[in-house]
Amino acid sequence: QVQLEESGGGLVQAGGSLRLSCVVSRRTFSDYAMGWFRQTPGKAREFVAGISRTGGRTYYVDSVKDRFTISRDNAKNTVYLQMNSLKPEDTANYFCAADRDGSAADRDGSRWHYWGQGTQVTVSS
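One numbering rule holds for all chains: residues counted from 1, following each sequence as written. Where totals are concerned, whole chains, interfaces and linings use all residues; where local detail is concerned, this predicted model gives features only for residues with pLDDT of at least 70, and gives and counts side-chain atom pairs only at 80 or more. In computing side-chain values, all of the structure's heavy atoms are included and hydrogens and water are not.

As a further point, take the packing of aromatic side chains. Here is the rule: rings of Phe, Tyr and Trp (six-membered ring for Trp) pair when centre to centre is within 6.5 Å. Planes less than 30 degrees apart are stacked, more than 60 are edge-to-face, and the remainder are tilted. Evaluated as defined, the whole model comprises five aromatic pairs. Ring plane angle 70° and centroid distance 6.2 Å describe the contact between tyrosine 32 and tyrosine 114, whose orientation is recorded as edge-to-face. On the criterion of sequence distance, the pair formed by tyrosine 32 in the loop between β3 (18–24) and β4 (33–39) and tyrosine 114 in strand β10 (residues 114–115) is long-range, its members being 82 residues apart. Exposure remark for tyrosine 32: the relative accessible area of 2% places this residue in the buried category. Put simply, DSSP marks the helices as runs of H or I at least four residues long and the strands as runs of E at least two long, and each gets a number from the N terminus on. The rule is simple: take the accessible area with a 1.4 Å probe, protein chains only, and divide by the maximum for that residue type; under 20% is buried, over 50% is exposed, in between is partly exposed.

Right, let's talk about the state of the cysteines for a bit. Cysteine sulfur atoms are paired as a disulfide whenever they come within 2.5 Å of each other. Applying the stated rule across the entire model yields one disulfide. Two residues share a disulfide in this structure: cysteine 22 and cysteine 96, whose sulfurs sit 2.1 Å from each other. Taking the sign of the S-S torsion, about -80° here, the bridge from cysteine 22 to cysteine 96 comes out left-handed. Note that cysteine 22 is positioned in strand β3 and cysteine 96 in strand β9 (residues 92–99), a separation of 74 residues in sequence. Residue cysteine 22 is classed as buried on the basis of its relative accessible area of 0%.

On to the pattern of salt bridges. One side-chain nitrogen of Lys or Arg within 4 Å of one carboxyl oxygen of Asp or Glu is enough to make a salt bridge. Applying the stated criterion across every chain, the model contains seven salt bridges. The partner of glutamate 46 in a salt bridge is arginine 38, and the shortest N-O contact between them spans 2.8 Å. Look at arginine 38 and you get buried, because its relative accessible area is 8%. Across the pair arginine 111 and aspartate 108 runs a salt bridge, and its minimum N-O distance is 3.4 Å. Relative accessible area serves as the criterion here: at 48%, arginine 111 is assigned to the partly exposed category. In this structure, a network of salt bridges that share partners links the residues Arg38, Glu46, Arg67 and Asp90.

Another aspect to go through is the side chain of serine 21. Mapped onto the secondary structure, serine 21 falls in strand β3. Should any heavy atoms of two residues lie within 4.5 Å, those residues are considered in contact. In contact with serine 21, other than residues within four places in its own chain, are Glu5, Glu6, Ser7, Trp36, Thr78, Val79 and Tyr80.

Gaps between atoms show up when a probe of the same size as a water molecule is rolled over them. Only protein atoms enter the 1 Å grid used here. Points where a 1.4 Å probe fits but cannot escape make up a cavity, open sets with protein on both sides within 12 Å along at least five of seven lines make up a pocket, and a residue lines them when an atom lies within 4 Å of a point. Grid points are joined across faces, edges and corners, and a volume is the space filled by probe spheres set on the points. Considered as a void within the structure, the largest pocket measures approximately 190 Å³ in volume. Class assignment for the residues of the lining of the largest pocket results in two nonpolar, four polar and seven charged. Charged means Asp, Glu, Lys or Arg here, nonpolar means Ala, Val, Leu, Ile, Met, Phe, Trp, Tyr, Cys or Pro, and polar covers whatever is left, Gly included.

Attention shifts here to the nonpolar core. Here, nonpolar core means buried Ala, Val, Leu, Ile, Met, Phe, Trp, Tyr and Cys residues that are tied together by side-chain atoms lying within 4.5 Å of each other. In terms of nonpolar packing, the biggest core is built from 29 residues, with Met34, Trp36, Val79, Leu81, Met83 and Tyr94 touching the most fellow members. Listed in part, the six residues of the second largest apolar core include Ala33, Phe37, Phe47 and Ala97.

This part is about the sheet that holds strand β8 (residues 78–83). Only when DSSP finds a minimum of two bridges between them are two strands counted as paired. Spatially, β1-β3-β8-β7 is the arrangement adopted by the four strands of the open sheet, whose pairing is antiparallel. A single partner strand is all that each edge strand has here, and the edge strands are β1 (4–7) and β7 (68–73). Ignoring strand direction, the axes of neighbouring strands in this sheet form an average angle of 15°. As defined by bridge partners, β3 adjoins β8 across six bridges and the pair is classed as antiparallel. Considered in β8, the bridge of arginine 19 is made with glutamine 82. Between N-to-C directions, angles cover 0 to 180 degrees, with each direction set by a line fitted to C-alpha atoms, over the stretch in contact for helices.

Dropping the structure here:
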């Protein structure tokens, strides 16, 4: 069983920054594509960013390009999401996702097999 645990959410003013972390309880962490999704009440889960197994390729939804950066440290079994220039519309519950066989570019959340419990990010105006 693969377990994912997010941390780093919180309340921040518009224009501020946060860094989310997700630790994966799997020795073969480098076998997994990793991603971040977000969800607000009443809306579908949205792909935010993905990173390939080696970290060599990253993917972003257009609304966060040039503001968010996804990275991973395979020695620490951890994936990060650095969020800068935050906007009120970034307010959401952010989820870490992992998949062994799929692509880090896959924006369809139903194809990602493992999920964390989520961490809330609230951006005040």
